[in-house]
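Given next are the chains, with one letter for each unit.
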Amino acid sequence: MQASNSKQNKALNLRLVLSHIATLSPISRAEIAKITGLTKQTITNMVDELLAADLVAELGIKKEGTVGKPSKMLALSGKGTYSLGIRVFAQHCQLAMYNLTNEKLGQCQIERGASLEHGLELAMQALLADYAVEPGDLLGIGLSFVDQFDHQYPNHQARQDFTQLLADKLNQPVVLETTAAACAACHMLHGEARGLNSFVYIHLGLQVESAVVFGRQIMLGHNQLTGAMGEIFVTPETSDKDGELGRLNDFASLDALRGQARQPHMDLVGMAALLDSQPQVVDKWLEQAAEPMRIAIHMLESVLNTQTIIFGGDITPELLDLLIARLRPLIPSISQYGERDVPRILKTPNVQDIALSGVATLPLHSALDMHQPYAARLPQLAELTTKQALLFVAN
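Worth saying up front: this structure is predicted, and the values here are computed from it rather than measured.

The rules behind each value
- Along each chain, the written sequence defines residue order, and numbers are assigned to residues from 1.
- Side-chain atom pairs in this predicted model are given and counted only at pLDDT of 80 or more, local residue features only at pLDDT of at least 70, and totals for whole chains, interfaces and linings cover all residues.
- Excluding hydrogens and water, the side-chain figures rest on all heavy atoms present in the structure.
- A run of H or I in DSSP becomes a helix once it reaches four residues, and a run of E becomes a strand once it reaches two; helices and strands are each numbered from the N terminus.
- Whether a residue is buried, partly exposed or exposed follows from its accessible area with a 1.4 Å probe, protein chains only, as a fraction of its type maximum: under 20%, in between, or over 50%, in that order.
- In what follows, a contact means two residues having at least one pair of non-hydrogen atoms within 4.5 Å.
- Note on pairing: two strands pair once DSSP finds at least 2 bridges between them.
- Comment: axis = line fitted to C-alpha atoms, over the contacting stretch for helices; angle = value between 0 and 180 degrees taken between N-to-C directions.
- Only the six-membered ring of Trp is used, alongside the rings of Phe and Tyr, when aromatic pairs are assigned; centres must lie within 6.5 Å, and planes under 30 degrees apart are stacked while those over 60 apart are edge-to-face, with the rest tilted.
- By convention in these notes, a salt bridge is any Lys or Arg side-chain nitrogen within 4 Å of a carboxyl oxygen on Asp or Glu.

Asks: Looking at this structure, how should I read the side chain of Gln160?
Replies: One can find Gln160 in helix α5 (residues 156-170). Judged by its relative accessible area of 17%, Gln160 falls in the buried class. Not counting residues within four places of it along the chain, the set of residues in contact with Gln160 comprises Leu176, Gln224 and Arg377.

Written out as structure tokens, the structure is:
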């Protein structure tokens with residue numbers, strides 16, 4: 001029992017050290033020891049393990065004050081360790097490979113066949129071969145279903161079962177989450193939220209999704225189901241089809257944009273071209289989307305009062321700029337009281353890459369989560385690599 005507790009404590013401390021390197025880099029061993037309260041020798045031993053596993057790298061030397069030895073600075077490794085992000089659409093799948101510093105090596109798209117796991121296995125093998133990456137160099141795989149009512153995996157339990165099936169098929173840890181939660185994780189590790197304690201990320205996709213972060217923890221909700229922001233009622237009028245009140249999805253989602261274009265099956269590429277080909281359709285969508293979204297933002301601010309709201313999505317930067325411009329002036333809310341050091345709304349700078357890069361971030365985010373709500377599904381029939389065992393075992 002004592003040996004088991006010692007192993008678990010070591011694993012927790014290792015993740016704690018890596019977490020500080022990920023979020024505060026460049027950082028020295030001495031700075032990590034000061035923050036964590038662990039001894040310098042313990043930090044040195046752990047950093048040596050992380051260096052050997054290609055999880056961190058030494059960047060250079062920084063002089064600490066006027067006396068003592070210069071310190072070697074640490075950061076996540078940009079070489080030797082990679083993650084794969086998979087987004088499952090109704091008719092196709094997107095795959096992309098990133099390193100730990102969130103730089104994309106490459107991506108591909110495949111048609112969705114009868115055996116989803118088999119198609120993803122072949123696509124992963126091809127992507128690894130194209131960029132000369134060994135399967136053992138992967139930290140893990142992030143997975144997200146774009147449609148909340150996927151025709152093959154329509155509920156959370158079915159998707160969890162598929163996640164385990166995929167982990168066994170690909171011999172890799174697999175982490176399942178919504179696109180919005182994945183993007184929020186990416187923002188905490190690599191983006192605008194590195195220094196934030198609380199925020200809401202809003203993802204404008206076929207449905208409007210959100211992820212709420214407090215204490216740098218993503219709120220998962222009951223049964224890990226949360227973030228269906230598009231289901232919020234924003235108007236008192238009822239629908240002619242089902243008698244329900246008007247939901248945010250009916251006005252501000254990309255599915256609503258397809259409705260304005262009278263092309264219910266239009267893909268993301270077609271919607272991206274609408275601004276040039278049918279600007280009047282885009283303008284109608286912006287007009288109908290703005291006020292419901294302003295109401296939804298007011299509700300989020302009044303109830304949650306996070307430091308900021310970050311917008312991203314499966315949307316072009318130009319279209320997102322136009323929508324944010326339509327939202328101003330924002331409805332006055334409680335967020336206006338007290339001092340602010342962050343704007344009420346931020347825009348994701350890498351809008352067109354945020355979804356895939358976010359999903360690819362999930363394995364690292366899962367590994368660093370001290371409370372483990374995002375526990376990865378581990379392959380049952382294959383051994384983990386050294387780097388995977390360091391972070392995913394003894395939780």
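Asks: What is the right way to read the sheet that holds strand β7 (residues 138-145) from this model?
Replies: Hydrogen bonds between backbone atoms are what pair the strands of a sheet, whose relative direction is either parallel or antiparallel. Pairing within the open sheet is mixed, and its five strands lie in the order β6-β5-β4-β7-β8. Across the chains shown, the open sheet's two edge strands, defined by having one partner strand only, are β6 (104-111) and β8 (174-176). Between one strand and the next, the sheet's axes are offset by a mean angle of 20°, whatever the strand orientation. Relative to β7, strand β4 (residues 82-88) runs parallel, the two sharing seven bridges. Each residue of the ladder has a partner; that of Arg87, found in β7, is Ser144. Those strands touched by α5 are β4, β7 and β8, and its axis lies near 165° from that of β8.

Asks: What is the right way to look at the packing of aromatic side chains in this model?
Replies: Where two aromatic rings form a pair, the distance of their centres and the angle of their planes describe that pair. With the rule as written, the count across this model stands at three aromatic pairs. Ring geometry for Tyr153 and Phe162: centres 4.7 Å apart, planes at 40°, overall tilted. With respect to class, Tyr153 is no different from Phe162; both count as buried. Each residue in the set Phe145, Tyr153 and Phe162 is aromatic and connected to the rest through ring pairs, giving one cluster.

Asks: Quick question: what am I supposed to make of the pairing of strand β5 (residues 92-99) here?
Replies: Remember that side chains alternate between the two faces of the sheet whenever the strand is regular. With eight of its eight residues buried, β5 lies for the most part within the structure. Alternating positions in β5 separate into two faces, His92, Gln94, Ala96 and Tyr98 on one and Cys93, Leu95, Met97 and Asn99 on the other, with burial throughout. Alignment of β4 against β5, held across seven bridges, turns out to be antiparallel. Within β5, the position partnered with Gly85 by the bridge is Ala96. Connecting the antiparallel pair β4 and β5 is a turn made up of three residues. The sheet contact formed by β5 and β6 spans seven bridges and is antiparallel. Directly across from Met97, in β6, lies its bridge partner Gly106. What sits between the antiparallel neighbours β5 and β6 is a turn of four residues, in which Asn102 has the positive phi angle 70°.

Asks: So what exactly am I meant to see when it comes to the pattern of salt bridges here?
Replies: Pairing is possible between side chains of opposite charge, provided their charged atoms come close. Summed over all chains, the structure comprises 12 salt bridges. Of the charged contacts in the structure, one is a salt bridge between Arg112 and Asp150, with a shortest N-O distance of 2.7 Å. Pair noted here: Arg112 is in the loop between β6 and α4 (116-130) and Asp150 is in the loop between β7 and α5, with a separation of 38 residues, a long-range link. Per residue, the accessibility class of Arg112 equals that of Asp150, and both read buried. Here the residues in one salt-bridge network are Glu231, Arg247 and Asp250, joined through shared partners.

Asks: Can you walk me through the sheet that holds strand β14 (residues 309-313) in this structure?
Replies: Reading across the sheet, the five strands line up as β11-β10-β9-β14-β15 and stay open at both edges, with mixed pairing between neighbours. One side of each edge strand has no neighbouring strand; the edge strands of this open sheet are β11 (217-218) and β15 (345-347). On the sheet, helix α11 (residues 279-304) packs against β9 (198-204), β10 (208-214), β14 and β15 and is oriented at approximately 140° with respect to β14. Contacts from helix α12 (residues 317-327) reach β9, β14 and β15, with the element oriented near 170° to β15.

By themselves, these observations are geometric and do not establish any function.
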